[in-house]
Structure formats: structure tokens, C-alpha cells
Amino acid sequence: MRQLHWSRRHEARIFMSMRLKSSIWVAAYLRRCQCEGVFGAVRRRGADEAGAVFVKLALLDGNAMLYAPAPQAVYDDSRPVERVFAPSSVEPVAEQAVEERLAKEVRFDPDAWIVEIEDKAGRHFLDLARG
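- The name given to the protein chain in an unreviewed UniProt entry is DUF1491 family protein, with Nitrobacter winogradskyi as the source organism.

**A look at the pairing of strand 6 (residues 113-118)**
So, point 1. Burial analysis of strand 6 places 5 of its 6 residues in the buried class, which makes it a mostly covered element.
So, point 2. Relative to strand 6, strand 1 (residues 39-44) runs antiparallel, the two being bridged by 5 bridges. From the neighbouring strand, Ala-41 faces strand 6, where its bridge partner is Glu-116.
So, point 3. As defined by bridge partners, strand 2 (residues 53-58) adjoins strand 6 across 6 bridges and the pair is classed as parallel. Bridge pairing in strand 6 links Leu-57 to Ile-117.

**With respect to the state of the cysteines**
So, point 1. This model, assessed by the stated rule, comprises 0 disulfides.
So, point 2. Its sulfur unpaired, Cys-33 is 9.4 Å from the next cysteine sulfur, which belongs to Cys-35.
So, point 3. Since its relative accessible area comes to 0%, Cys-33 is described here as buried.
So, point 4. The exposure class assigned to Cys-35 is exposed, which follows from its relative accessible area of 55%.

**So, the layout of surface pockets**
So, point 1. Approximately 160 Å³ is the volume found for the second largest pocket.
So, point 2. The wall of the second largest pocket is formed by Trp-25, Ala-28, Tyr-29, Arg-32, Glu-82, Arg-83, Phe-85, Phe-125, Leu-126 and Asp-127.
So, point 3. Sort the elements by how many residues they give to the lining of the second largest pocket and helix 2 (residues 22-35) lands first, with 4 residues.
So, point 4. Of the residues in the lining of the second largest pocket, the class split is 6 nonpolar, no polar and 4 charged.

About the cut-offs
- Residues numbered from 1 in each chain as written.
- Predicted model: local features only at pLDDT ≥ 70, side-chain atom pairs only at ≥ 80, totals over all residues.
- Heavy atoms only, no water.
- Buried < 20%, exposed > 50% of the residue type's maximum accessible area, 1.4 Å probe, protein only.
- Helix = DSSP H or I, 4+ residues; strand = E, 2+ residues; numbered from the N terminus.
- Pairing = 2+ DSSP bridges.
- Disulfide = S-S within 2.5 Å.
- 1 Å grid on protein atoms, 1.4 Å probe; cavity = no way out; pocket = protein on both sides within 12 Å on 5 of 7 lines; lining within 4 Å.
- Points joined across faces, edges and corners; volume = space filled by probe spheres on them.
- Nonpolar A, V, L, I, M, F, W, Y, C, P; charged D, E, K, R; others polar.

Encoded structure:
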């Protein structure tokens, strides 16, 4: 009995530290965008298990926003498995600047994903880091 109790605690700890696979998260995110009438596509497929996901929001006026994974320090301990993003700038910037940043990120992390969505209204449906 005692071993079973330890095993369940151990399983619970493993479950709490697990994060949804990047491939599944991206598929669900694109589905959410589609349901809201926002076009989205995978521009670069990264590692299925745990590749970092970068989201480019094209505003269709030559400007864009880039959302990158938020630093670990901003994650809520009560919900450690959710993905949280941080904008790379306060205001939209020229799409070329976003493309240059994405190229640097891919050189640094070849397992990274790039998802691009297009919405004139700037809707992105991401959970953003507070602060």
C-alpha cells in the first residue's frame, strides 16, 4: 500500500510538470484562429515535443507584431503547463523587422516553430504574460 501511495504522488508531480506537445498546441491554436475567422498557418515546423513557438501577427498594412514565449519567471506556479507569450514590442513594427528577428531565433533554436496569423484588427488569442 505504501508504495502505491508514493507512486500516485510521483505520477501527479510528473503530470503537473508536463506541457502539451508543441505540435498539438499549434494545431489547437490554429483551429481557434480559424473558428474566429482569422487566417493562420504554420510557416516553420519545429520539434514536435517541445519546440518554442513564435507567433507573427501580420496586420495586413505592412506592419506586424511578434509574440515570443514568455520567460519562465512569469509563469504562474498554479498553472505551470500553460503557454504564455510576450510581445517583442509595445507597438506594431515593420514586417521586415519581425522577419529579421525570426531569422535570428531560428539560427539560435533550430527546433523553433513559426506560426503566422493575419488580422487587421490585431486579434491573436494568445495568453500574454502579466507585468
